[in-house]
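Notes for the structure review
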Amino acid sequence: MFFAKRNVTPEPSTLVIFGGTGDLACRKLYPALYNLYRVKRLPPGTQVVGVGRREYDRQAFQDYVAGCIQEHSRKKPHALEVDFLRLFHYQALDLAKSDTFASLEAFLAKLTGSQQKQHIFYMAVPPEVFAPTVRKLAAAGLAKDSRVVLEKPFGWDLASARALQQELAAVFPESAIFRLDHYLGKEMLQNIMMIRMANTVFEPLWNKDHVASIQLQVNESVGIGQRGRYYEQAGALRDMVQNHLMQVLAFTAMEPPRDFSADALRDEKVRVIKALRPLTEETIATQVVRGQYGPGTIHGETVVGYRQEPYVSPDSQRETFVAMKLYIDNPRWQGVPFYLRTGKRLPQRSAQVVVEFKKNSNLSFLGDLAPNLLVIKIQPEEGVAFQFNVKEPDTEFNLRPVLMSFCQNCDYPENSPEAYERLLHDILVGDATLFTRWDEVEATWEYVQSILEAWERDTSEIPQYPAGTWGPEEAQQLLAQDGKVWWVDCEDRLRCFHDN
Ligand code: BG6
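Report on the accompanying structure. Fair warning: this is a prediction, and the values are worked out from it, not measured in the lab.

On to the overall build of the chain. Each helix and strand in the chain was counted, giving 14 helices and 19 strands. Its C-alpha radius of gyration of 24 Å places the chain within 12% of the 23 Å reference for a compact globule of 500 residues. Dimensions of the chain along its principal axes, counting C-alpha atoms only, are 80 × 50 × 45 Å. A burial count over the chain gives 55% of its 500 residues as buried. In the chain, once contacts between residues fewer than 6 apart in sequence are set aside, the share between residues at least 24 apart is 76%. If you sum the accessible surface of the chain, you get close to 21,800 Å²; carbon and sulfur atoms cover 51% of it. Charge centroids of the chain, computed over 56 positive and 64 negative side chains, lie 3 Å from each other.

This next bit is on the sheet that holds strand 17 (residues 464-466). An order of 16-15-14-13-7-12-11-8-17 is seen for the nine strands of this open sheet, with the pairing classed as mixed. Both outer strands of the open sheet, strand 16 (399-407) and strand 17, are each paired with one neighbouring strand and no more. Going across the sheet, the axis of each strand differs from the next one's by a mean of 20°, ignoring polarity. Summarising the sheet, strand 8 (residues 288-294) and strand 11 (residues 321-326) pair through four bridges and their orientation is antiparallel. Looking at the pairing, valine 289 lines up with alanine 323 of strand 11. Sheet strands touched by helix 8 (residues 228-253): strand 7 (211-219), strand 11, strand 12 (338-343), strand 13 (350-357) and strand 14 (373-379). Its angle to strand 12, the strand with the most contacts, is close to 140°.

Here the focus is the site of the ligand. Around the ligand, the surrounding shell consists of Lys152, His182, Tyr183, Lys186, Glu220, Arg227, Asp239, Met240, His244, Lys344, Arg349 and Gln379. Between the ligand and tyrosine 183, the relevant distance is 2.4 Å, taken from an oxygen atom to a side-chain nitrogen or oxygen of the residue. Here an oxygen atom of the ligand sits 2.8 Å away from a polar atom, N or O, in the side chain of lysine 344. Expressed as a share of its isolated accessible area of 400 Å², the protein-covered part of the ligand is 80%. For the shell around the ligand, the residue count by class is two nonpolar, three polar and seven charged.

With that settled, the discussion passes to the pattern of salt bridges. Throughout the structure, instances matching the rule amount to 33 salt bridges. Here arginine 135 ties to glutamate 167 by a salt bridge, and the two come within 3.0 Å at their closest N and O atoms. Here glutamate 167 lies in helix 6 (residues 158-169) and arginine 135 lies in helix 5 (residues 130-139), a separation of 32 residues in the sequence. Judged by its relative accessible area of 27%, glutamate 167 is partly exposed. For the salt bridge of glutamate 203 with arginine 332, the shortest nitrogen-to-oxygen distance reads 3.9 Å. A residue pair is termed long-range when its members are at least 10 positions apart, and glutamate 203 in the loop between helix 7 (187-197) and strand 7 and arginine 332 in the loop between strand 11 and strand 12 qualify at 129 residues. Relative accessible area serves as the criterion here: at 13%, arginine 332 is assigned to the buried category. Each of Lys152, Glu220, Arg227, Asp239 and Lys344 takes part in a single network of salt bridges with overlapping partners.

Right, let's talk about the packing of aromatic side chains for a bit. Under the definition given, this model contains 24 aromatic pairs. With a centroid separation of 6.0 Å and an interplanar angle of 80°, the aromatic rings of tyrosine 30 and phenylalanine 61 are classed as edge-to-face. Highlighted residues: tyrosine 30 in helix 1 (residues 23-38) and phenylalanine 61 in helix 2 (residues 58-72), separated in sequence by 31 residues. Accessibility expressed as a relative area gives 0% for tyrosine 30, which makes it buried. In this structure phenylalanine 61 comes out as buried when scored by relative accessible area, which is 0%. On the numbers, 5.1 Å between centres and 50° between planes, the contact of tyrosine 37 with phenylalanine 84 is tilted.

Further remarks concern the state of the cysteines. Enumeration according to the criterion identifies one disulfide in this entry. One disulfide in the model links cysteine 26 with cysteine 68; its S-S distance is 2.2 Å. Linking cysteine 26 and cysteine 68, the disulfide has an S-S dihedral of approximately -110° and is accordingly described as left-handed. Here cysteine 68 lies in helix 2 and cysteine 26 lies in helix 1, a separation of 42 residues in the sequence. Judged by its relative accessible area of 13%, cysteine 26 falls in the buried class.

About the cut-offs
Along each chain, residue indices are assigned from 1 in the same order as the chain's sequence is written. Residues qualify for local features only when their pLDDT is at least 70, as the model is predicted, and side-chain atom pairs are given and counted only at 80 or more; totals for whole chains, interfaces and linings, by contrast, use all residues. Excluding hydrogens and water, the side-chain values take into account all heavy atoms of the structure. Under the scheme used here, helices are H or I runs from DSSP no shorter than 4 residues and strands are E runs no shorter than 2 residues, and both carry numbers assigned from the N terminus. The globule rule is 2.2 Å times the number of residues to the power 0.38, and the radius of gyration it is compared with is taken over C-alpha atoms. Between buried and exposed lies partly exposed: a residue is buried under 20% and exposed over 50% of the maximum accessible area for its type, with that area taken using a 1.4 Å probe on protein chains only. Contacts between residues were defined by any pair of non-hydrogen atoms, one from each residue, lying within 4.5 Å. Note that accessible areas follow from Shrake-Rupley with a 1.4 Å probe, and for residues the cover is restricted to the protein chains shown. Under this rule, positive means Lys or Arg and negative means Asp or Glu; His and the chain ends count for nothing. We put the charge of a Lys on NZ, of an Arg on CZ, of an Asp on CG and of a Glu on CD. Any two strands with at least two DSSP-identified bridges between them are counted as paired. Lines are fitted to the C-alpha atoms to define the axes, a helix being fitted only along its stretch in contact, and any angle between axes, read from their N-to-C directions, falls within 0 to 180 degrees. Any residue with at least one heavy atom within 4 Å of a molecule or strand is counted as near it. Residues adjacent in sequence count toward polar contacts only when both atoms are side-chain atoms; beyond that, a polar contact is any pair of N or O atoms within 3.5 Å, and within protein one must be able to donate a hydrogen and the other to accept it. Put simply, Ala, Val, Leu, Ile, Met, Phe, Trp, Tyr, Cys and Pro go in the nonpolar bin, Asp, Glu, Lys and Arg in the charged bin, and everything else, Gly too, in the polar bin. Every case where a carboxyl oxygen of Asp or Glu lies within 4 Å of a side-chain nitrogen of Lys or Arg is listed as a salt bridge. Stacked, edge-to-face and tilted are the three classes for Phe, Tyr and Trp ring pairs, Trp counted by its six-membered ring, which pair at centre distances within 6.5 Å; planes under 30 degrees apart are stacked, over 60 edge-to-face, the rest tilted. Whenever a pair of cysteine sulfur atoms sits within 2.5 Å, that pair is classed as a disulfide.

Rendered as structure tokens:
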């Protein structure tokens, strides 16, 4: 269904990127545009205007874009892509210093002809610049009938998210605001919905009667790199849980939407997020674990701890790891634990959903069976694995778990477009299905707000874990007390997935 057309409105076609010479644009946006161009999926008439502080002329900017695609694109350009680079223009503008966007307005008017006033404004800039930029767009008459694209962080907590929303809503209608969460562009995230709904062996079992628990994991082996300033403010809860993990949860647990229109899908996501059982002081203490990586070894390499990373305070209490258990109070999921885990400097990079099915308690003479597991692998491998039990050959009745697996990006690596390609395409054609609506964002902030506040009050030392391990001991305990283990992939063993 990639790029299958839903309700879309292809105008306008001038993409204005604030932060046009920044990291996000160079690493993700220009390469994504280039890959869309290569497969002829850029809507006709698309033009791109980079807006940045540097004093580039058009040629210098095009050279810069060429360097970005050369370095970061999935498909490497064979030669200088003159036709592609011709789509790019540049306007120097210091967002912090300029009080008005009159010069930008004049530039766009000249570029597109004065009759076209609608544009797409992509905020590839720090979040503190979002609101002032939106105000200036409105003052310059550039907002009407335009779209705006924002990435996280959408606020730092519930109050600041609401304040930002107020600013946006004063200028843009909800249908013109594209809040981008790049996890929604991942093939296998979209596939969660399809796998469960399109297969009668799964859909009837997708509920509390048959599912024992669900794990949602986004494990990372990287540290925070040079992002200490941002990460000291954010931490794993804001950086990963409030957005990416909540989206994975929503796709896994929501009711089937009535169709694939943007609002039908998002209505169901909001409904399931709002059905999350609110956390109390007590459940936060017993069901939410945080941790911070210390020095350690990953893949044979010695790495520093979080507190030794650049721009990080030597006594920082900021979490780089979160594990939690949560419940969804609705008829489908009543009583089923959902376990979430995310962290930096873990032994491997892997994102996956593991559905653990209940065992057949009527046939106890079979002994202690391994559970049926359905593993939806989001990355780095994209695929699905299913664990089931078979009789061991040449034994009387010994059973052993085996795996059936499907690897999507092993066979078709070319068919797995990067998340930004899918999302940029949808922005250009005006399809908001894979973008988060305000009530969704608000509901996720409402849910995590109580954790933020509880941690704010907590004066105890944050638990540490050595880099290269699976997080603090408390995270193992969280599952052990329910008689469970975290499942992680292991290439070398058929009987997947244990991590200890
Ligand atoms: C970003 C976070 O949103 O997602 C990063 O800010 C994180 O901290 C990244 O590393 C993970 O994305 P992916 O696509 O590499 O799983």
